[in-house]
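# Geometric and topological summary
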Amino acid sequence: MSVTINAHQLKLLLDQTADHMGPESIKQLHGIRLDADAKYLYAVASDRYTLAAARYELNHGDQNQEPWARTIPGDFVPALRQWVDSLTGSDYITISTAKDRLVFDGPLADLTVATNPSLEFPDWRGLLRTIATQTVEGEPFPALNTNYLPRWSAIHQSLRVRVTADRRAVLFFGENFIGAQMPTHGGGIGPAKDQTFEA
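For clarity, every value in this text was computed on a predicted model and none was experimentally measured. (Residues numbered from 1 in each chain as written. Predicted model: local features only at pLDDT ≥ 70, side-chain atom pairs only at ≥ 80, totals over all residues. Heavy atoms only, no water.)

### What about the overall build of the chain?
When helices and strands are tallied, the chain shows 3 helices and 11 strands. Helices and strands appear in the chain in the N-to-C order β-α-β-β-β-β-α-β-β-β-α-β-β-β. Within the chain, the proportion of its 199 residues that are buried is 45%. Sequence separation of at least 24 residues holds for 63% of the intrachain contacts in the chain that already meet a minimum separation of 6. (Helix = DSSP H or I, 4+ residues; strand = E, 2+ residues; numbered from the N terminus. Buried < 20%, exposed > 50% of the residue type's maximum accessible area, 1.4 Å probe, protein only. Contact = heavy atoms within 4.5 Å.)

Written as structure tokens, this is what we have:
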């Protein structure tokens, strides 16, 4: 199973999701998930407080293949980003899966990343689908942790925001991008505890 993408588009996918990776203490979230379906290659990351998913429409020849997904471990993400930065934007990279590896085949060099297929990544599609279909309750006025807001600046585009309730996730929409941020408990007066997607 493989997909082809140019270096510019792969860099966008990585840049738009890297700040949302979970910490080392949560192994299944410590990295960027590459997830290919019949039409798109997605990069997804979450630390339970924010969730970001960027997508790239596959070339016609790469469409309608068997879906696959692998998580690039967080420790390898900086090296991968550096490797992609060394290429020109128009250089094509073929990403292929092996038993426990992701292989990035560039024009002059290859990069192989060890992955752990047994780590179960959350059902990010289901989470975003649930958040997107929430109905509006009353006049929502949620409190957001401003420490997380700078993460969205890596998208480098205007984002639409959907708010449905004080204690439900806020949804962010952009071109080939969707994300969510959980609100904090409380109204911003005094200490506030962050909610997670698991709460």
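### Considering the sheet that holds strand β8 (residues 110-114)
Adjacent strands of a sheet form backbone hydrogen bonds with each other and so pair up, either parallel or antiparallel. The strand order across the open sheet built from 4 strands is β1-β6-β7-β8, with neighbouring strands paired in antiparallel fashion. Either end of the sheet is taken by a strand with one partner, and the two such strands are β1 (2-6) and β8. Across the sheet, the mean angle separating the axes of adjacent strands is 20° when strand polarity is ignored. Strand direction decides the pairing type here: β1 and strand β6 (residues 92-97), joined by 5 bridges, are antiparallel. Considered in β6, the bridge of Asn6 is made with Tyr92. Those strands touched by helix α1 (residues 7-17) are β1, β6 and β7 (101-105), and its axis lies near 100° from that of β1. (Pairing = 2+ DSSP bridges. Axes fitted to C-alpha atoms, helices over the stretch in contact; angles between N-to-C directions.)

### Some words on the sheet that holds strand β11 (residues 177-181)
Strand order in the open sheet formed by 7 strands is β5-β2-β3-β4-β11-β10-β9, with antiparallel pairing between adjacent strands. Lying at the two open borders of the sheet, with one neighbouring strand each, are β5 (68-73) and β9 (160-162). For this sheet, the mean angle separating the axes of adjacent strands, direction not counted, is 15°. Summarising the sheet, strand β3 (residues 40-46) and strand β4 (residues 50-57) pair through 7 bridges and their orientation is antiparallel. In the sheet register, Ala43 faces β4, and the bridge partner there is Ala54. Most of the contacts of α1 go to β4, to which it runs at about 170°, and overall it touches β2 (31-36), β3, β4, β5 and β11. Those strands touched by helix α3 (residues 124-132) are β2, β3, β4, β9, β10 (170-174) and β11, and its axis lies near 105° from that of β4.

### Observations regarding the pattern of salt bridges
Between side chains of opposite charge, pairing is possible as soon as their charged atoms come close. For the structure shown, the criterion picks out 8 salt bridges. A salt bridge links Arg168 to Glu137, with the nearest nitrogen and oxygen atoms 2.9 Å apart. Of this pair, Arg168 sits in the loop between β9 and β10 while Glu137 is found in the loop between α3 and β9, placing the two residues 31 residues apart along the sequence. Arg168 sits in the partly exposed class, given a relative accessible area of 29%. A residue is classified by how much of its surface remains accessible, and Glu137, at 42% relative accessible area, is partly exposed. Through salt bridges with shared partners, a single network forms among Lys11, Asp15, Arg81 and Asp85. (Salt bridge = Lys/Arg side-chain N within 4 Å of Asp/Glu carboxyl O.)

### Looking at the pairing of β7
Going residue by residue along β7, you find Leu102 and Phe104 tucked away on one face and Arg101, Val103 and Asp105 left uncovered on the opposite face. With 4 bridges connecting them, β6 and β7 associate as antiparallel partners. Within β7, the residue paired with Ser96 across the bridge is Val103. Hairpin geometry of β6 and β7 is characterised by an intervening segment of 3 residues between the two adjacent antiparallel strands. Across 5 bridges, β7 lies against β8 in antiparallel orientation. Its bridge partner lying in β8, Val103 is registered against Thr112. Linking two consecutive strands that pair antiparallel, namely β7 and β8, is a turn of 4 residues.

### Here we look at the packing of aromatic side chains
Taken as a whole and judged by the stated rule, the model has 6 aromatic pairs. When the ring of Tyr49 is compared with that of Tyr148, the centres are 5.5 Å apart and the planes differ by 15°; the resulting orientation is stacked. Separated by 99 residues along the polypeptide, Tyr49 in the loop between β3 and β4 and Tyr148 in the loop between α3 and β9 bring together distant segments of the chain. When the centroid spacing of 6.1 Å and the interplanar angle of 80° are considered together, the rings of Trp152 and Phe177 count as edge-to-face. In this pair, Trp152 sits in the loop between α3 and β9 while Phe177 sits in strand β11, placing the two residues 25 residues apart along the sequence. The exposure class assigned to Trp152 is buried, which follows from its relative accessible area of 7%. Over the ring of Tyr40 we find Arg55; its NZ or CZ atom is 4.1 Å from the centre of that ring. When the ring centre of Tyr42 is taken as origin, the NZ or CZ atom of Arg125, which lies over that ring, is 5.1 Å away. (Phe/Tyr/Trp six-rings, centres within 6.5 Å; stacked < 30°, edge-to-face > 60°. Lys NZ or Arg CZ within 6 Å of the ring centre and 35° of its normal.)

By themselves, these figures tell us nothing about what the structure is for.
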